[in-house]
Amino acid sequence: MSDIIVRVVLESPVPVLFDYRCAASMEPLPGQLVRVPFGKRHLVGVVWALAQHSEIPQGRLRKIEVLWNECPPLTEQWRALATFAADYYQRALGEVVLPALPQSLRDASRWRRFFAAQHIYRLSPAGINELPAALPSQASAMRRLATALREAGELTASAARALHPQAIKLLNTWQHAGWVIHQTSAAGQGSGENSTLAIDPILNTAPELTKEQAIALKAINAASGFTPFLLHGVTGSGKTEVYLRALATLLASNPSAQALVLVPEINLTPQFEAFFRARLTASTTEMLVTLHSGLAEGERARAWLAAHTGRARIVLGTRLAVLASLPQLALIIVDEEHDTAYKQQEKLRYSARDLAIWRAKQLNIPIVLGSATPALETWRHAQLKHYTCLTLTHRAVAEAVLPATRLIDMSIPKHRNDGDLAGLSKPLLDALRARLACGEQSLIFLNRRGYAPALACNACGWVAGCIRCSTYLVLHKQERSMRCHHCGWHTRIPHACAECGNVDLAPLGRGTQQLEERLAHALPEAKILRIDADSTRRKGSAQTLFAAVAAGEVDILIGTQMIAKGHDFQRVTLVGVLNADIALFSHDFRATERLFAQLLQASGRAGRAGHGEVLIQTRYPQHPLYQALVRHDYVGFAKATLAERQQARLPPFSYQALLRAEARTLEAAFNFLARAASALDTLPGAEHVTRYEPVPMIVVKVMHVQRAQLLLESTSRIALQSVLRAWQSHLHALKIKDVLRWSIEVDPLEF
């Protein structure tokens with residue numbers, strides 16, 4: 001039988017498919033993973049199409065080395081998703097397809113282990129009744145193994161060994177006694193049964209739904225086809241409970257359906273996973289898997305394969321999970337849909353929320369976007385009736401109300417402390433002492449980590465800067481170092497000014513480390529905990545710290561935006577906010593939207609089980625943003641901000657794209673952008689696109705690389721996309737000395 005031509009996607013910035021020969025007897029299918037020779041290397045790729053002929057001479061075509069038959073092919077729907085993402089975000093197909101796969105699956109030498117036979121054990125009906133009584137009373141390890149079998153429904157051999165060192169010998173003995181059923185299955189095929197979902201009895205004692213929750217749940221359960229919902233609920237209104245009930249209803253009624261639940265941060269996955277596992281059970285232990293960048297590579301690959309083969313019924317993950325292969329996907333939930341963490345800021349710069357919406361439309365399934373502070377793009381869609389808005393205006397706990405918000409005017413002298421207390425006002429410090437006396441928890445939100453943003457000389461004004469970036473070094477006093485938060489370079493704290501030799505160096509501004517230090521001095525009896533990117537570097541450390549807060553082992557929690565997103569702190573009754581004013585004067589037109597969402601989310605951590613209070617320190621208490629916060633008035637804030645955006649023709653009333661250039665010199669970057677602009681002006685349709693002049697980026701130098709950007713804007717998404725596609729060939733043809741790389745970002749969130 002003659003060979004056929006197989007067109008393969010490889011991880012490459014070149015927007016082409018690569019042709020290979022393959023024996024027809026191997027029966028390759030689109031979507032299959034293959035290993036192919038590429039130059040002197042051997043790469044993993046994905047079969048994208050089959051062909052009868054190639055423009056490459058037959059003699060020069062190389063053969064596919066390995067075809068991974070054990071792994072089901074990526075579906076046509078998934079391939080369409082990847083094609084759309086590549087086209088819309090202006091990237092080569094290989095820059096989407098291969099990075100969407102776990103790194104372990106891109107190593108063909110590891111394929112066999114993922115689909116090796118697994119030994120699976122489950123209790124027989126006789127074992128359920130007879131085994132507990134047959135075990136010796138002192139055999140705690142045996143009882144632990146038997147209990148795990150009963151509760152989990154089944155155990156793999158590796159899971160059993162983790163519970164008992166002689167587990168396999170013991171399980172074989174129980175099998176001979178008729179108490180255990182043993183079978184083998186391919187890891188990629190599951191155990192031969194569908195993962196059926198049952199409602200755990202705890203649901204019978206679950207909190208009764210509020211009237212608004214019941215209405216929202218009924219609408220979601222009744223949805224058919226593509227139905228985008230905006231679940232707009234105030235903080236603490238029980239959006240997660242609505243998600244849970246919707247998932248339970250869907251999966252219980254459809255034995256093969258899968259659901260995708262997206263959260264913005266890795267640190268939120270343990271909370272959601274624990275909640276889901278406590279309330280939902282299944283006949284297999286893989287009903288729910290998590291997908292995020294914090295997983296070990298093997299763990300991530302196994303979770304991806306569980307989703308790809310349909311064993312996982314619920315996939316919970318961060319933005320990268322939106323590109324997971326889910327062949328039976330029937331419902332998508334995006335929690336905190338407004339969060340900018342859903343936007344990838346390197347390589348393929350995609351929005352996970354937007355891709356989730358496109359995916360729901362492609363598959364003709366419902367999608368739920370949940371938030372107390374929806375993105376203005378989402379809110380406008382709801383106002384135009386493109387999305388169905390489901391509103392939760394009250395907190396789910398009957399005795400819990402929205403916290404009272406008070407502004408502390410820092411321009412009034414009596415509010416300021418005489419001593420250096422890291423910017424804490426007298427009213428806030430008094431409120432902390434009052435909560436401490438009552439045994440209640442407080443949370444202080446300061447979105448700046450480190451000890452201080454900079455270190456300066458009082459004599460000549462010198463400020464310690466990064467040798468590789470055009471930024472100041474952040475003082476980390478506890479580590480006795482100065483760190484660049486852009487490139488990671490660090491050095492010891494200088495003893496004297498590099499310019500004049502003066503030894504009188506002083507920190508400028510305040511960070512969470514300084515606040516922790518000063519609070520410990522002012523309130524020595526308080527148990528203080530700091531949660532930020534510095535204190536949670538080790539794997540699992542964030543989960544441990546959040547558990548300490550939940551257990552009541554902390555009096556005052558200090559943190560950055562990590563603590564303001566979605567966490568359910570039942571004991572927190574006071575939230576204090578420091579240093580928020582800086583965002584009011586940002587060059588970024590989205591800064592106030594982000595600040596409002598950030599502060600309203602942080603405020604929402606207070607009083608979730610009762611009454612709470614929020615104190616915001618500011619020098620501009622009359623600012624409309626703060627006044628809207630006091631009223632908990634998202635609707636009013638959104639209406640005013642959208643009116644400003646419409647007048648200025650800014651998103652969501654226009655569409656934007658950025659061309660970024662990185663070069664050894666700023667002159668080379670500007671030269672590239674200038675020539676790119678000239679090429680753009682000659683393209684058909686360019687008259688429908690506004691082109692701004694090239695400018696340096698705010699942080700112009702990172703890792704010795706100079707950066708500049710050019711902004712495009714249009715009131716027509718179609719016109720902008722058309723111009724970008726035509727522009728690509730001109731950009732690839734530009735060869736300018738010292739230009740290292742360039743990239744196009746569609747729908748940028750940061751400038």
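Residues numbered from 1 in each chain as written. Predicted model: local features only at pLDDT ≥ 70, side-chain atom pairs only at ≥ 80, totals over all residues. Heavy atoms only, no water.

K.L.:
If you had to explain the sheet that holds strand β21 (residues 474-476) to someone new, which residues and values would you point to?
P.N.:
What the three strands build is an open sheet, ordered β21-β22-β23; its pairing is antiparallel. The open sheet is flanked by β21 and β23 (490-492), the only strands paired with a single partner. Within the sheet, the average angular offset between the axes of one strand and its neighbour, ignoring direction, is 30°. Of the pairings in the sheet, the one linking β21 to strand β22 (residues 481-483) comprises three bridges and is antiparallel in character. Each bridged residue has a counterpart across the sheet, and for His476 the counterpart in β22 is Ser481. (Pairing = 2+ DSSP bridges. Helix = DSSP H or I, 4+ residues; strand = E, 2+ residues; numbered from the N terminus. Axes fitted to C-alpha atoms, helices over the stretch in contact; angles between N-to-C directions.)

K.L.:
Can you explain helix α7 (residues 167-176)? Please cite residues and give values.
P.N.:
Taken together, the buried positions of α7 are Ala167, Leu170, Leu171 and Trp174. Take α7 and look down its axis: the buried residues cluster within an arc of 100°, on one side only. Turned more than 90 degrees off the buried face of α7, the exposed positions are Lys169 and His176. (Buried < 20%, exposed > 50% of the residue type's maximum accessible area, 1.4 Å probe, protein only. Arc of directions from axis to C-beta.)

K.L.:
With reference to specific residues and values, describe the pattern of salt bridges.
P.N.:
What the rule picks out here adds up to 33 salt bridges. Among the salt bridges present, the one from Arg353 reaches Glu337, with a minimum N-O distance of 3.3 Å. Separated by 16 residues along the polypeptide, Arg353 in helix α12 (residues 352-363) and Glu337 in the loop between β15 (329-335) and α12 bring together distant segments of the chain. You'll find Arg353 and Glu337 in the same group, each marked buried. Between Glu662 and Arg741 there is a salt bridge, with the nearest N and O atoms lying 2.4 Å from each other. Here Glu662, found in strand β29 (residues 655-663), pairs with Arg741, found in strand β33 (residues 739-746); they are 79 residues apart in sequence, far enough to count as distant. Residue Arg741 is classed as partly exposed on the basis of its relative accessible area of 45%. Residues joined in a network through salt bridges with shared partners are Lys343, Arg349, Arg660 and Glu745. (Salt bridge = Lys/Arg side-chain N within 4 Å of Asp/Glu carboxyl O.)

K.L.:
Lay out helix α10 (residues 269-279) with the relevant residues and their values.
P.N.:
An α-helical turn contains 3.6 residues, so a residue and the one three or four places further along point in the same direction. The set of residues buried in α10 consists of Thr269, Phe272, Phe276 and Arg279. Down the axis of α10, the sector holding all buried residues measures 120°, keeping them to one side.

K.L.:
Which residues make up the environment of Val242, and what are the values?
P.N.:
Tracing the sequence through the fold places Val242 in helix α9 (residues 239-253). Between the alpha carbons of Val242 and Leu209 there is a distance of 8.5 Å; along the sequence they are 33 residues apart. Leaving out residues up to four positions away in the same chain, Val242 has contacts with Gln213, Ala216, Leu217, Ile220 and Leu231. (Contact = heavy atoms within 4.5 Å.)

K.L.:
Can you lay out the sheet that holds strand β16 (residues 366-371) for me, pointing to particular residues and giving the numbers?
P.N.:
Read across the sheet, seven strands follow the order β13-β14-β11-β15-β16-β10-β17 without closing on themselves; strand pairing throughout is parallel. Each having just a single partner strand, β13 (288-291) and β17 (388-392) make up the two edges of the open sheet. Mean inter-strand twist for the sheet, computed between neighbouring axes without regard to direction, equals 20°. As judged from the five bridges shared by strand β10 (residues 227-233) and β17, these two strands associate in the parallel manner. Looking at β17, one finds that His232 is bridged to Thr391. Across the sheet, helix α8 (residues 211-222) lies against β10, β16 and β17, angled at about 155° from β17, the strand it touches most. Packed on one face of the sheet, α10 meets β11 (258-262), β13, β14 (314-317) and β15 and runs near 175° to β13.

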